[in-house]
Structures are given as structure tokens and as C-alpha cells.
Amino acid sequence: MESLFPNLELSTKSLKPTSFLLSSPRFSSLKSRIITKKWTVSVPCVCSSSPTVKKTESKLHTNGQDFIRSVGKGVIGFAAAATALASVCYDAPAFAESLTVAFPVSRASEVNTVQRTLVEAWGLIRETFVDPTFNHQDWDLKLQQTMVEMFPLNSADVAYTKISGMLSTLGDPFTRIISPKEYQSFRIGSDGNLQGVGIFINIEPRTGHLVVLSCVKGDELIEINGERLDGFTSEAAAQKLRGTAGTSVKVKVHSAMESSRDASIREVNLPREYITLSPISSTIIPHKTRDGHLTKTGYVKLSAFSQSAAIDMANTILDMETQGVHSYILDLRNNPGGLVKAGLDVAQIWLDGDETLVNTIDRDGNMLPINMVDGHAITRDPLVVLVNEGSASASEILAGALHDNGRAILVGHKTFGKGKIQSVTELHDGSALFVTVAKYLSPALHDIDQVGIMPDVQCTTDMLNSPRDSLLKNESSTSSLEADSCILVAEHELDIQESVGTAS
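Scoring rules and cut-offs
Residues numbered from 1 in each chain as written. Predicted model: local features only at pLDDT ≥ 70, side-chain atom pairs only at ≥ 80, totals over all residues. Heavy atoms only, no water. Phe/Tyr/Trp six-rings, centres within 6.5 Å; stacked < 30°, edge-to-face > 60°. Buried < 20%, exposed > 50% of the residue type's maximum accessible area, 1.4 Å probe, protein only. Helix = DSSP H or I, 4+ residues; strand = E, 2+ residues; numbered from the N terminus. Lys NZ or Arg CZ within 6 Å of the ring centre and 35° of its normal. Pairing = 2+ DSSP bridges. Contact = heavy atoms within 4.5 Å. Axes fitted to C-alpha atoms, helices over the stretch in contact; angles between N-to-C directions. Salt bridge = Lys/Arg side-chain N within 4 Å of Asp/Glu carboxyl O. Disulfide = S-S within 2.5 Å. pLDDT = per-residue confidence, 0-100. Core = buried A, V, L, I, M, F, W, Y, C linked by side-chain atoms within 4.5 Å. Parallel < 35°, antiparallel > 145°, perpendicular 65-115°, else oblique. Left-handed = near helix turned anticlockwise from the far one by under 90°. Nonpolar A, V, L, I, M, F, W, Y, C, P; charged D, E, K, R; others polar.

Caption draft 1: Seen up close, the packing of aromatic side chains. Here the structure, examined in full by the defined rule, presents two aromatic pairs. Taken together, a centroid distance of 5.6 Å and an interplanar angle of 15° make the contact between F134 and W139 stacked. Like F134, the residue W139 is buried in the burial classification. Where Y328 meets W350, the ring centres are 5.5 Å apart and the plane angle is 75°; that geometry is what we call edge-to-face. Of this pair, Y328 sits in strand β18 (residues 327-331) while W350 sits in helix α9 (residues 340-350), placing them 22 residues apart in sequence. Given the relative accessible area of 0%, Y328 is considered buried. Just above the ring of F434 sits the side chain of R176; from NZ or CZ to the centre is 4.1 Å. A cation over a ring is seen here: K418 above F174, with NZ or CZ 4.8 Å from the ring centre.

Following this line, the structure appears as C-alpha cells:
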């Protein structure tokens, strides 16, 4: 789920861009100075004068830079029943022009709010969706049809399903709308910041109970502020734990260490604070090479591409360099992606020069390479990247950039195959629209979408079914990593790289 601007690729705010520089944080001395690193993106002009569309049957009119979609009685047959006409006017993000849509107002106020959201979503799709044919359909007519279906409804929830239904006709599962609550959870994942109590919770599969995964592992969460949690999902419980920093929340927990349930139940007041979530967990693996030499391999697990991913990784690598690490394993297994810009920032930690990081293809079929500018890697030590079928989107961009530029060997299994980039726009009601706005190819022009990336070396799937949440606890058991068959394969590949480097 990646936002293009300001995070990367194409401007949604600039007027008639032709080419521009995008800045990203780069890293100097350990955990301290941050300087500006630039890369170049060449973009053709995406702006135009207001479209002139003449469709008698749908009554589309133009007037200077504004044009009005009239949903009239001659087309949809319910205008006579409407008590009034409402209109929505917004700035089309890629075109800096105003679009006004008139529509009959629903008598149900909550449905009328969803009508506005429908028009917003329709307009954003109209101006930015990667397929200009909209899956070979009349997108203006689709708005009319959806408004017809929505008008008689009385429930906002049902009305929202009509928006989802309209989006589903685009044939792209990644173009979708999410509720305000879902968007807040997405923001926490991408921003890496929240206000809460600082624990990880999840459903225990065998019992269905909510358990604490970090702080005090295994404790069962029973109540939050006096409310029993039977039947609660982990996300619903997390929402209750979150709140304004400086306040507190009262919870009851059952300790997994106690045999008597009554004796082990205790009530705790937990203060809410500002919490920063790091997507990085790491450890140093002692490793004996084939010639018997003892060396250190830095293992870095990246679970998601949040805004802090590149800085956190840079600091981790810099720390490991001071501890005498001579090779690295970057684990992208089960990393579903995140912010595209974060993926490209991470790539720069490992690459030098003016390398191409990725190629994007816009809705007009123009290929736009994204290149580094005079890059300087933090380390040039041998690198293996672990991938599997859960590595998607920004993970595939990063893996492709490191592999195609000859920086890393890929070990694992074929990746997911999501070669599309989404913009994310918050709508007026707090919901958010994800729109696929571009496709991408790897630096070597390999198509990733629905194909994936095949690793150089495959490994078995031992231990890949362990809970993904354990990867978020900022710890990596060296003993468990040594039993991971893919780690063993990665270490073997690092031995080969180091021996080749020594021989040369």
C-alpha cells in the first residue's frame, strides 16, 4: 500500500511538472547527522486543459476549467423524487482543476455523506487510475449507475458497499476504499507512531483468547476498563488500549505462569504514552567459515516499510559495522510492503553510484526510471536477501534493486508478484481511497506483477510458519535462526562470496 507523493514517483500537487528532484534522508555518522540525498525522476507533463466531453445521454457540460456532471431525470429516472440537488467540488489532485458533480440528495443524512464520498472516489479514479480505459467501461456512466443504486438506501454501511462494488469493476484488487478506523490502523503501520500502552497482543489460536506477545509474554488479557474481551479481535482490543498520551487504561490480565486462575488474575493501570514502532529486529550471528575462521554475520529482519524503516536500518547497520560484522543477511520474508519511498531509501543504504532503483510505467505507457544520484553505500560487505511468497510490493522493489544491480544474492522462494503502486488519499469522512496509479519493472526491466521474482537459490520452508508477530518484538533468537534452513543456505552463499572476494 504505497503513497506516491510526497513519498515518491509522480507529483499530485505540482502544476505541469516536467522533471524534478525528490529528496530523501541520508545518513552520515552513527545515529546523528542527517544530510540530504537526492535522486532524479523524469516525468512527462501530466496536466492538461479541462476536458471537453459531449455526451448527450449523460448531460456532461464544460465551462472553462470547471465541468459539471449532471445526474438528470432523463438518465436515471429518480430526480423527480429527489428533494434537492447537492454538489461536490474538489481539486483534482493531478490536474489542479476543479470538478463539480451535482446529484440528488438522499433523504437519509448518513447516506448523503456516503454520496459525497462516492463522488470523491469516482473523481480520483477518473484522474489517476493506471488504466485509462477503466477496465474497458464508461466510468462516467458507472457513477450514474452507482448513484441510482445508492439513492434509495437508508444505511451508510450498505451505501459503502456500493462504492466498493463500483471499485471492484476496475478489475484491480489493490484499488479499494477503507473505513476511517481501518485507515487509522494503516497510518499507525506506515507512520510507525501511536499513542498507547506499548504492548503487542494477538489471538491465541488454540484457545481464542487475547494474549500479550511482548512486555510479559503469554499473559492473557481479560478486561479493558471493566469490559470483558470475550469475542474481541486483537485490533478491536488494541483500539481500546490506545488513547491520548498522558491518560491511563485499566486492564485485567491472567498470568500464564500461575496454575490457579483466580490467584493469577491481577488488575493493572497502564499509562498511555507516545510510542515509536520500529520495523527492524536484528542480531549478530557468530559464523565459522569453511576454512575454520570465526566471523560475524549481521542478521536484519525488516517487517514493513514504514517512514522510519530507512533510518532505523541505517542505524542498525552502522552499529553492526562498529561491532566487526563482515557480512549481512537482510530478511524480507513475509514483508507485505508499505511505503515505496521507504523501500528506495533502504536500497540506497546498500548501493553506490547512479544506479537505477526501479522503473515506473504511468497510465499513458511512459516508462520513468528512478535513479540514485552519486550514492554512497554504508557498507559494501557481502549481502544475501531472503524472500518468499509473502514478500510483496516494496519488498520486491528493494529485492529487485539489490539483485539487478549485482549487490545481493536472493535466497528463498518466489515472491508474491505485486508490481503496482498505489496512492493513498484521505477522503472527507476520514475514510481512505487506495488507487493504483502506476506499474513498475525492476532495474533490469523484469515485469514483477503477477509474476514475482525468482531467487537465485531456493531453500526449504522450515520454520517459516512461526508467528509473524514475533518478528515485531525487537529480538531475534540466535539459536532459532541457526535452525532456520534458509539462514543456513544464506550463510553458505556468504561463504562463497567471501572466498571469491579473497581469491580475487
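There's more to say after this.
Caption draft 2: Geometry of the environment of A444. Secondary-structure assignment places A444 in the loop between β24 (432-441) and β25 (457-458). We classify A444 as partly exposed; its relative accessible area is 40%. C-alpha of A444 to C-alpha of N405: the two residues are 39 residues apart in sequence and 8.3 Å apart in space.

Caption draft 3: Layout of the pairing of strand β19 (residues 356-361). Sheet analysis places β19 next to strand β20 (residues 367-372), joined by five bridges and oriented antiparallel. Bridging across to β20, T360 finds its partner in L368. Counting the residues in the hairpin turn of β19 and β20 gives five residues, including G365, whose phi is positive at 85°. When β19 meets β24, the two strands line up antiparallel, connected through three bridges. Along β24, the bridge assignment pairs T360 with Y440.

Caption draft 4: Broad picture of the sheet that holds strand β22 (residues 409-412). Strand order in the open sheet formed by six strands is β16-β17-β18-β21-β22-β25, and the pairing between neighbours is mixed. A single partner strand is all that each edge strand has here, and the edge strands are β16 (280-288) and β25. One ladder, built from two bridges, connects β22 with β25; its direction is parallel. Residue V411 lies in a different strand from β25, and its bridge partner there is V457. Across the sheet, helix α10 (residues 394-404) touches β18, β21 (383-387) and β22, and the angle it forms with β21 is around 145°.

Caption draft 5: Quick look at the pattern of salt bridges. Evaluated as defined, the whole model comprises twelve salt bridges. Of the charged contacts in the structure, one is a salt bridge between D230 and R228, with a shortest N-O distance of 3.7 Å. Residue classification places D230 among the exposed positions, given a relative accessible area of 58%. Using a relative accessible area of 42% as the deciding quantity, one classes R228 as partly exposed. For R333, the salt bridge is made with D331, and the minimal N-O distance between the two is 2.8 Å. Each member of the pair R333 and D331 is classed as buried. The structure contains a network of salt bridges with shared partners spanning K301, D331, R333 and D484.

Caption draft 6: Quick peek at the state of the cysteines. Considering all chains together, one arrives at one disulfide under this definition. A sulfur-sulfur separation of 1.9 Å characterises the disulfide bridge that pairs C459 with C486. Every disulfide takes its handedness from the sign of the S-S torsion; for C459 and C486 that torsion is 80°, giving right-handed. Of the two residues, C459 is situated in the loop between β25 and α11 (478-482) and C486 in helix α12 (residues 485-503); the sequence distance between them amounts to 27 residues.

Caption draft 7: Broad picture of the side chain of T297. Mapped onto the elements, T297 comes out in strand β17 (residues 294-302). With residues near it in sequence (within four places) discarded, T297 still touches T283, I284, I285, H287, V325, S327, Y328, I329 and L494.

Caption draft 8: Representation of the confidence of the model for the protein chain. With 67% of its residues at a pLDDT of at least 70, the protein chain reaches an overall mean of 75. Long-range and interchain partners of residues 1-96, a stretch whose pLDDT sits below 50, account for 267 contacts in this model, where long-range means more than four residues apart. The low-confidence segment residues 463-476 (pLDDT under 50) makes 27 contacts with residues lying over four places distant or belonging to another chain.

Caption draft 9: A look at the nonpolar core. M313, L330, L332, W350, V385 and L402 are the most contacted members of the largest nonpolar core, which totals 44 residues. Sorting the residues of this core by element identifies β17, α8 (309-322), β18, α9, β19, β20, β21 and α10 as the ones contributing at least two each. In contact with V385, not counting residues within four places along its chain, are L330, L332, L402, A408, I409, L410 and V411. Counting residues in each nonpolar core, the second largest holds 30 residues, with V111, V130, M150 and I163 among its members.

Caption draft 10: Focus on α10. Within α10, nine of the eleven residues are buried, which leaves the element mostly enclosed by the surrounding structure. Turning to α10, the residues buried within the fold contact β18, α9, β19, β21, β22 and β24. Positioned one or two residues after α10, G406 has a phi angle of 70°, which is positive.

Caption draft 11: The arrangement of the packing of helix α3 (residues 139-150) against helix α4 (residues 156-168) in detail. Two elements in contact, α3 and α4, have axes separated by 10 Å at closest approach and are oriented at 160°. Considering the angle they form, α3 stands roughly antiparallel to α4. Crossing angle aside, the handedness with which α3 passes α4 is right-handed. Taken together, the residues of α4 that come into contact with α3 (itself represented by W139, K142, T146, E149 and M150) are A159, K162, I163 and M166. Its residues placed into classes, the contact of α3 with α4 shows five nonpolar, one polar and three charged.

Caption draft 12: The environment of I177, seen in detail. Position of I177 among the secondary structure elements: in strand β7 (residues 176-178). On the basis of relative accessibility, which here comes to 12%, the residue I177 falls in the buried class. Residues within four places of I177 in sequence aside, it is in contact with T117, Y160, I163, S164, L167, L427, S431, A432 and L433.

Caption draft 13: Representation of unusual backbone geometry within the structure. With a phi close to 60°, N334 is a non-glycine residue in the positive phi region. Checked against the element boundaries, N334 lands in the loop between β18 and α9. Unusually for a residue other than glycine, L445 sits at a positive phi of about 65°. Judged by its relative accessible area of 47%, L445 is partly exposed.

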